[in-house]
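A look at the structure
Single-letter residue listing:
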Amino acid sequence: KQWYQRRVAITAGEYYMYAVYMFFGSTNVESSNPRLAQILLKIQSSIILGEEPRPNGINIPAPQVSDLINLHDTQNLFGLKERLIATESLVFLASQFDLWKEYLDNQIPADKLNFLNQFYNQTLPLSRELREAVYSGVASKAMSYNAILQLMGNVKWEIRELMSEPNSYVYVMLQEMEAMQQKISVVSTFVPIPVEVYQMIWTLSISELCRVFLEGFGSARKCTHEGRAWMQLDFQQFIVQVVKFITIKPIPGKDVVENFIKAYYLTEGDLEQWLRENYMSYSSKQLNSIINCTTAQFSKMMQRSRLSGIVDELIKKS
């Protein structure tokens, strides 16, 4: 009987973890965290009721989110309050299971210890990693990333004079960040936001904005030396403001964007080496943008074609 009671407690913890993911988790967990995806699939296959009930097994109906929870409203940051309550409760539950481990070790029969060890070594640690899958659902939609990218697409980078002011899209980006901060502040009046979670939300959001920078810069078909300097000015203005929101160093995505901009300044001889060393960090489109803009100044079509061929070959092998 005691073993059955302990088994029910562990199963309840697994079910709650599965429910938090089903309600609030991102859909790309298979690629972002394969171990977490595997554990969630294991929970689903072992305790969640499928089309056919398991004979002599556990069959719990799949969890259903309440209609009162709105996960699509930008004003409430896509249910951030509910995400906080659910996810941080899971983290607290995991900490309590940690405290119970020695007690459970002494209460569970020896032939059942393998089940307990799997729970503590595999499932429980990943309950904390579920945070990122949940809060990325806020960060990935909290700002108008596509609209900012469209504004970047309107910028003409083939200028012939040095600019002293950043592009207008940078100011839009900063306004979006301020608006997001205000929404987070409103949520914090209802639910305490742990510092770790606050930093995680902003880290994920800054990473998204750096992705936008890469996509925007990587869409440039023509770019002069002055245009590259303008890119640097835009990104530096952004980085100066980022420190208002996160204290994490290094700033996520910063090095990748800066490295991308610096590649525009490389000579033909150095560019091939840079491509071989950095192709894993950028898309084919972004790499070819650098090739097109860099080789255009030398008017060497054959060199451009050769470097593009190297990129295609490297990506095929990866």
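Structure's up top.
Residues numbered from 1 in each chain as written. Predicted model: local features only at pLDDT ≥ 70, side-chain atom pairs only at ≥ 80, totals over all residues. Heavy atoms only, no water.

1. Overview of the overall build of the chain
Across its full length, the chain carries 13 helices and 0 strands. In the chain, the order of α-helices and β-strands from amino to carboxyl end is α-α-α-α-α-α-α-α-α-α-α-α-α. For 318 residues, the compact-globule formula gives about 20 Å, and the C-alpha radius of gyration of the chain, at 25 Å, lies well above that figure. In the chain, which comprises 318 residues, the proportion classed as buried is 44%. Contacts spanning at least 24 positions in sequence make up 75% of the contacts within the chain whose residues lie at least 6 apart. Split by element, the accessible area of the chain, about 17,100 Å² in all, is 54% carbon and sulfur. Positive and negative side-chain charges of the chain, numbering 31 and 32 respectively, have mean locations separated by a distance of 2 Å. (Helix = DSSP H or I, 4+ residues; strand = E, 2+ residues; numbered from the N terminus. Rg over C-alpha atoms; globule rule 2.2 N^0.38 Å. Buried < 20%, exposed > 50% of the residue type's maximum accessible area, 1.4 Å probe, protein only. Contact = heavy atoms within 4.5 Å. Areas by Shrake-Rupley, 256 points an atom, 1.4 Å probe, with all protein chains shown as cover. Lys, Arg positive; Asp, Glu negative; His and termini not counted. Charge placed at Lys NZ, Arg CZ, Asp CG, Glu CD.)

2. Focus on the packing of aromatic side chains
Tallying each qualifying case throughout the model produces 15 aromatic pairs. Here Phe-97 and Phe-119 contribute two aromatic rings whose centre-to-centre distance is 5.1 Å and whose plane-to-plane angle is 70 degrees, an arrangement assigned as edge-to-face. Separated by 22 residues along the polypeptide, Phe-97 in helix H4 (residues 80-107) and Phe-119 in helix H5 (residues 113-139) bring together distant segments of the chain. For the residue pair Phe-97 and Phe-119, the accessibility class agrees, reading buried in each case. In textbook terms, an aromatic cluster arises when at least three aromatic residues are bridged by ring pairs, as seen for Trp-157, Tyr-169, Phe-213, Phe-217, Trp-230, Phe-235 and Phe-238. The ring of Phe-190 has Lys-81 sitting right over it, with the charged end atom 5.0 Å from the ring centre. When the ring centre of Tyr-120 is taken as reference, the NZ or CZ atom of Lys-101 above it lies at 5.4 Å. (Phe/Tyr/Trp six-rings, centres within 6.5 Å; stacked < 30°, edge-to-face > 60°. Lys NZ or Arg CZ within 6 Å of the ring centre and 35° of its normal.)

3. With respect to the nonpolar core
Among the nonpolar cores identified, the biggest contains 86 residues, and Tyr-169, Met-177, Trp-202, Ile-206, Phe-217 and Phe-238 are the most heavily contacted of them. With 13 residues, the single largest contributor to this core is helix H8 (residues 195-217). With near-sequence residues (within four places) excluded, Trp-202 lies in contact with Met-143, Met-177, Met-180, Gln-181, Ile-184, Phe-245 and Ile-246. In terms of nonpolar packing, the next biggest core, distinct from the first, is built from 9 residues, Ile-10, Leu-116, Phe-119 and Tyr-120 among them. (Core = buried A, V, L, I, M, F, W, Y, C linked by side-chain atoms within 4.5 Å.)

4. Some remarks on the side chain of Lys-183
Checked against the element boundaries, Lys-183 lands in helix H7 (residues 168-188). Glu-176 provides the closest opposite charge to the buried, unpaired Lys-183, separated from it by 6.7 Å. A polar contact is formed between the side chain of Lys-183 and the side chain of Thr-74, at a distance of 3.3 Å. (Salt bridge = Lys/Arg side-chain N within 4 Å of Asp/Glu carboxyl O. Polar contact = N/O pair within 3.5 Å; in protein donor to acceptor, adjacent residues only side chain to side chain.)

5. Let's talk about H7
For H7, with 21 residues, the first-to-last C-alpha span of 31 Å sits near the 30 Å given by 1.5 Å per residue. Among all positions of H7, only Tyr-169, Val-170, Met-173, Leu-174, Met-177, Met-180, Gln-181, Lys-183, Ile-184 and Val-187 are buried. Contacts made by the buried residues of H7 are with H4, helix H6 (145-153), H8 and helix H9 (225-242). (Expected span 1.5 Å × (residues − 1).)

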